[in-house]
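The chain contents come next:
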Amino acid sequence: MGEHNTAPPPVTIPNHSRPPSPNIPLCLDPTGLSGESGGFLTMQIHPHQTTDVNVETFGPLPSPAGLCNEIPAAESIQDFVRSSRETIHQIIFGNDPRHLAIVGPCSIHDTEAGLEYAEKLAGLAEEVKDQIHIVMRVYFEKPRTTVGWKGLIMDPHLDGSCNLPEGLRTARRFLLSVLSTGLPTATEFLDPITPQFIADLISWAAIGARTTESQTHRQMASGLSMPIGFKNTTSGAIQPAVNAIKAASERQTFLGIDPEGHACSVTTKGNPNCHVILRGGSDGANYSAEHVAQTRAALEKASLLPAVLVDCSHANSSKKPERQPEVFNEIISQRLAGESAIIGTMLESNLKAGNQSFPRPLADLERGVSITDGCIDWETTADTIRRAADQLSKIS
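What comes next concerns the included structure. In this text, all values refer to a predicted model and were calculated from it rather than measured experimentally. In this convention, every chain numbers its residues from 1, walking through the sequence in written order. In view of the model being predicted, local features appear only for residues whose pLDDT reaches at least 70, and side-chain atom pairs are presented and counted only at 80 or more, with totals across whole chains, interfaces and linings using the full set of residues. In computing side-chain properties, one takes all heavy atoms of the structure into account and sets aside hydrogens as well as water.

Some remarks on the packing of helix α6 (residues 215-223) against helix α7 (residues 239-248)
Okay, step 1: Axes here refer to lines fitted to C-alpha atoms; in helices the fit is confined to the stretch in contact. Angles between the N-to-C directions go from 0 to 180 degrees. Strands here mean DSSP runs of E at least two residues long; helices mean DSSP runs of H or I at least four residues long; both are numbered from the N terminus. Running from N to C, α6 and α7 cross one another at 45°; their axes reach a closest spacing of 8 Å. One element, α6, and the other, α7, form an angle in the oblique class. Note on packing geometry: the crossing formed by α6 with α7 is right-handed. In this structure, α6 contributes R218, A221 and S222 to the contact, and α7 contributes P240, N243, A244, A247 and A248.
Okay, step 2: Residues are grouped as follows: nonpolar covers Ala, Val, Leu, Ile, Met, Phe, Trp, Tyr, Cys and Pro; charged covers Asp, Glu, Lys and Arg; every other residue, Gly included, is treated as polar. In terms of residue class, the contact of α6 with α7 is made up of five nonpolar, two polar and one charged. For classification purposes, an angle smaller than 35 degrees is called roughly parallel, one larger than 145 roughly antiparallel, one from 65 to 115 roughly perpendicular, and anything else oblique. Crossing handedness is defined as follows: a turn of the near helix away from the far one that is anticlockwise and smaller than a right angle gives a left-handed crossing, while the clockwise case is right-handed. Whether two residues are in contact is decided by their heavy atoms, any of which lying within 4.5 Å being enough.

Some points on the sheet that holds strand β11 (residues 274-278)
The pairing of strands in a sheet happens through backbone hydrogen bonds and is either parallel or antiparallel.
Okay, step 1: Pairing between strands is defined by DSSP: at least two bridges between the two strands are required. With parallel pairing, the eight strands of this closed barrel are ordered in space as β4-β5-β6-β7-β8-β11-β12-β13. For this sheet, the mean angle separating the axes of adjacent strands, direction not counted, is 30°.
Okay, step 2: As judged from the five bridges shared by strand β4 (residues 99-104) and strand β5 (residues 132-137), these two strands associate in the parallel manner. Within the sheet, the bridge partner assigned to V103 lies in β5 and is M136.
Okay, step 3: Together, β4, β5 and β13 (342-348) form the strand contacts of helix α10 (residues 378-393), whose direction differs from that of β5 by roughly 155°.

Remarks on the packing of aromatic side chains
Okay, step 1: Classification of ring pairs rests on two measures: the distance between centres of Phe, Tyr or Trp rings, Trp counted by its six-membered ring, which must be within 6.5 Å, and the angle between planes, read as stacked under 30 degrees, edge-to-face over 60 and tilted in between. This structure, assessed with the given rule, holds three aromatic pairs.
Okay, step 2: An angle of 85° between the planes, with centres 5.5 Å apart, marks the rings of Y117 and W378 as edge-to-face. Placement of Y117 in helix α3 (residues 111-127) and of W378 in helix α10 is noted, with a sequence separation of 261 residues between them. Residue Y117 shares its accessibility class with W378, and that shared class is buried. A 1.4 Å probe rolled over the protein chains alone gives each residue an accessible area, and that area as a share of the maximum for its type sets the label: buried under 20%, exposed over 50%, partly exposed in between.

In structure tokens:
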């Protein structure tokens with residue numbers, strides 16, 4: 001046989017190339033492994049290689065259990081998260097008449113400004129707690145239509161360095177800071193591995209419009225411990241979200257990782273605390289009384305709980321953040337008119353209004369202004385929520 005048909009010699013992976021516990025064991029085809037650089041394993045592709053040909057590096061991560069032990073939640077925080085999840089459960093099932101409001105920045109990119117916002121929101125939440133249950137948006141993962149900044153977990157330094165271990169640590173620390181103000185937290189889960197690292201600190205989560213139809217995300221949601229909202233698709237279709245709730249409420253088995261970071265088979269019990277999020281679509285807004293009634297009917301037809309939360313941003317505001325209060329007020333009016341399927345609303349809000357282009361030099365970023373979707377400012381947020389609380393108090 002000619003030399004070109006000779007199989008490549010086996011590559012021995014030295015013990016030090018695999019990070020020690022509690023880091024995730026790396027599952028690699030060793031063919032083509034050339035060495036390390038700063039804890040990363042760099043691939044050198046062999047001519048006969050058929051796997052990982054488009055992979056440049058493999059980088060170690062802490063295991064979920066290791067990170068949770070490194071940055072632990074006190075028992076009081078754990079009790080608070082459990083209690084807030086139960087409150088949201090009661091709202092979804094109609095046993096708590098309060099309005100659920102998911103409020104906060106489109107994404108967290110500046111943790112200092114984010115914590116300042118949280119402290120303001122905590123004060124407002126205490127003020128309106130008899131009518132409105134406020135949960136802070138703490139979004140670390142951002143789906144991109146093509147490319148762009150993918151959130152604080154993926155790129156915590158906002159410079160393209162993609163230091164995931166640091167991003168995960170930053171996310172846990174920030175969530176603990178928000179919870180310490182007395183606010184429950186909400187997020188969107190995008191990467192199916194992320195929940196293992198931070199889900200113990202989350203009271204409510206969303207599955208986004210781009211991933212509602214994803215089997216991976218429906219399976220993931222079936223095992224999550226908090227209530228989950230499924231958004232209608234970017235086209236505006238409601239049925240995929242209904243189907244997602246049906247799937248997520250059932251027992252599922254799928255590939256995942258365990259708390260030690262090992263690849264494993266995961267079998268869930270199903271998540272009974274799921275609902276639809278209306279966010280509009282390519283055909284326009286879908287928060288009108290007619291749209292809500294159609295969504296209620298679709299859920300009832302599927303023998304599911306008629307529970308609907310309205311996203312006041314995105315297509316429901318025509319991507320004009322200043323229109324969010326108008327949408328919020330309309331939803332409150334529908335509740336006052338007796339629409340019991342509506343459980344809450346979502347507002348994208350920040351210290352200051354609008355957004356700013358990114359990437360740009362970090363020194364040029366304006367504090368308290370979103371670098372993703374545009375938001376309403378704090379004063380508008382507080383005024384909108386106080387007005388709604390006043391209206392709801394008349395039927396309490």
